[in-house]
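Letter by letter, the chains look like this.
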Amino acid sequence: MGRAAVQPLDAINAGNVAQLGIAWWTDLPDARGQEATPVMVDGVLYLTGPWSKVFAYDARTGRLLWTHDPKVPGETAVRACCDVVNRGVAVWKGRVFVGTLDGRLIALDSASGRLLWSVQTTDPARPYTITGAPGS
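Small disclaimer: the values here were computed from a predicted structure and weren't measured.

Calculation criteria
- Counting starts from 1 at the beginning of each chain's written sequence and moves along it residue by residue.
- Only residues with pLDDT of at least 70 are given local features in this predicted model, and only at 80 or more are side-chain atom pairs given and counted; all residues enter the totals for whole chains, interfaces and linings.
- Excluded from the side-chain calculations are hydrogens and water; all other atoms, namely the structure's heavy atoms, are used.
- When DSSP finds two or more bridges between a pair of strands, those strands are recorded as paired.
- To qualify as a helix, a DSSP run of H or I must reach at least 4 residues; to qualify as a strand, a run of E must reach at least 2; elements of each kind are numbered from the N terminus.
- With axes taken as lines fitted to C-alpha atoms, and helix axes fitted only over the stretch in contact, angles between N-to-C directions fall between 0 and 180 degrees.
- Buried residues of nine kinds, namely Ala, Val, Leu, Ile, Met, Phe, Trp, Tyr and Cys, make up a nonpolar core once their side-chain atoms join them within 4.5 Å.
- Whether a residue is buried, partly exposed or exposed follows from its accessible area with a 1.4 Å probe, protein chains only, as a fraction of its type maximum: under 20%, in between, or over 50%, in that order.
- Contacts were defined at the residue level, with two residues in contact if any of their heavy atoms lie within 4.5 Å.
- Only residues above 30% relative accessible area that lack a salt bridge enter a patch, with like-charged residues linked at up to 9 Å and the nonpolar side chains Val, Leu, Ile, Met, Phe, Trp and Tyr linked at up to 5 Å.
- With residues, only the protein chains shown are counted as cover, and all accessible areas are computed by Shrake-Rupley using a 1.4 Å probe.
- The term salt bridge refers to a side-chain nitrogen of Lys or Arg lying within 4 Å of a carboxyl oxygen of Asp or Glu.
- Stacked, edge-to-face and tilted are the three classes for Phe, Tyr and Trp ring pairs, Trp counted by its six-membered ring, which pair at centre distances within 6.5 Å; planes under 30 degrees apart are stacked, over 60 edge-to-face, the rest tilted.

**Considerations on the sheet that holds strand β1 (residues 39-41)**
Here comes step 1: Pairing in this open sheet of 4 strands is antiparallel, and the strands run β1-β2-β3-β4 from one edge to the other. The two strands at the open ends of the sheet, each matched to only one other strand, are β1 and β4 (64-68). The average undirected angle you get between the axes of adjacent strands in this sheet is 20°.
Here comes step 2: Two strands pair when backbone bridges link them, and strand β2 (residues 44-48) and strand β3 (residues 54-58) are joined in this way by 5 bridges, in the antiparallel orientation. By the bridge assignment, Thr48 is partnered in β3 with Val54.

Okay, here's the thing in structure tokens:
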């Protein structure tokens, strides 16, 4: 991971916007499709990667705060139309929610990544997957 200088948003203006660059980056652990839109809450950037893994980063520094691997069984991949992607999380009242490729809805503690609960929401006998971010 690399870092550049970070400036407050009110320091950005029409005269210096062309000087903006990448503040930090990181490589995700799985070389598969990446389709998630990150969500930022209170300075923490939450995102998902392949196999429904969830990552929390300090948005200012890029430091990994925690990660959660729901351990989706590999054989689930044949059910997915579009690789083993996940398209994001929802965050609400200190919880991070993610739908998993094998049809579970999971709630994690937003501060620690600790699993709070997991519920199977699809019929495991059917070829269903969840790749979308939870919504209202």
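**As for the pairing of β4**
Here comes step 1: As paired elements, β3 and β4 share 4 bridges and run antiparallel to each other. The partner of Phe55 across the bridge, within β4, is Thr67.
Here comes step 2: Counted along the chain from β3 to the antiparallel partner β4, the turn is 5 residues long, and its residue Gly62 has a positive phi close to 85°.

**Some words on the nonpolar core**
What tends to happen in soluble globular proteins is that the nonpolar side chains get buried as a cluster.
Here comes step 1: One finds Val44, Tyr46, Val54, Ala56, Trp66, Val89, Val96, Val98, Ile106 and Leu108 forming the largest nonpolar core, which totals 10 residues.
Here comes step 2: Counting only elements with at least two residues in this core, the list comes to β2, β3, β6 (95-99) and β7 (104-109).
Here comes step 3: Once you skip the residues sitting within four places of it in the chain, Val54 turns out to touch Leu47, Thr48, Trp66, Thr67, His68, Val89, Val96, Val98 and Leu108.

**Quick word on unusual backbone geometry**
Here comes step 1: Backbone geometry at Asp83 places phi at a positive 75°, although glycine is not the residue there.
Here comes step 2: For Asp83, the position within the fold is in the loop between β4 and β5 (90-92).
Here comes step 3: With a relative accessible area of 26%, Asp83 lands in the partly exposed category.
Here comes step 4: Backbone geometry places Lys93, a non-glycine residue, at a positive phi of 50°.
Here comes step 5: By secondary structure assignment, the location of Lys93 is in the loop between β5 and β6.

**Observations concerning a nonpolar patch on the surface**
Here comes step 1: A cluster of nonpolar residues, Leu9, Ile12, Val17 and Leu20, forms a patch on the protein surface that exposes about 390 Å² of accessible area.
Here comes step 2: Relative to the elements of secondary structure, Val17 occurs in the segment before β1.
Here comes step 3: According to the relative accessible area criterion, Val17 is partly exposed, its value standing at 43%.

**Considerations on the packing of aromatic side chains**
Here comes step 1: Tallied over the full model, the rule gives 4 aromatic pairs.
Here comes step 2: With centroids separated by 5.5 Å and ring planes inclined at 35°, the aromatic side chains of Trp24 and Tyr57 adopt a geometry described as tilted. In this pair, Trp24 sits in the segment before β1 while Tyr57 sits in strand β3, placing the two residues 33 residues apart along the sequence.
Here comes step 3: Residue Tyr57 is classed as buried on the basis of its relative accessible area of 4%.
Here comes step 4: Judged by centre distance (6.1 Å) and plane angle (45°), the ring pair of Tyr46 and Trp66 falls under tilted. Pair noted here: Tyr46 is in strand β2 and Trp66 is in strand β4, with a separation of 20 residues, a long-range link. Take Tyr46 and Trp66: they sit in the same class, and that class is buried.
Here comes step 5: Among the aromatic residues, ring-to-ring pairing joins Trp24, Phe55 and Tyr57 into one connected group.

**What to know about the sheet that holds β7**
Here comes step 1: With respect to topology, 4 strands assemble into an open sheet ordered β5-β6-β7-β8, the strand pairing being antiparallel. Two strands bound the open sheet, and with one partner strand each, they are β5 and β8 (115-120). Looking at each pair of strands side by side, their axes are set apart by 20° on average, direction ignored.
Here comes step 2: In terms of strand pairing, β5 meets β6 through 3 bridges, oriented antiparallel. Across the sheet, Trp92 pairs through a bridge with Arg95, a residue of β6.

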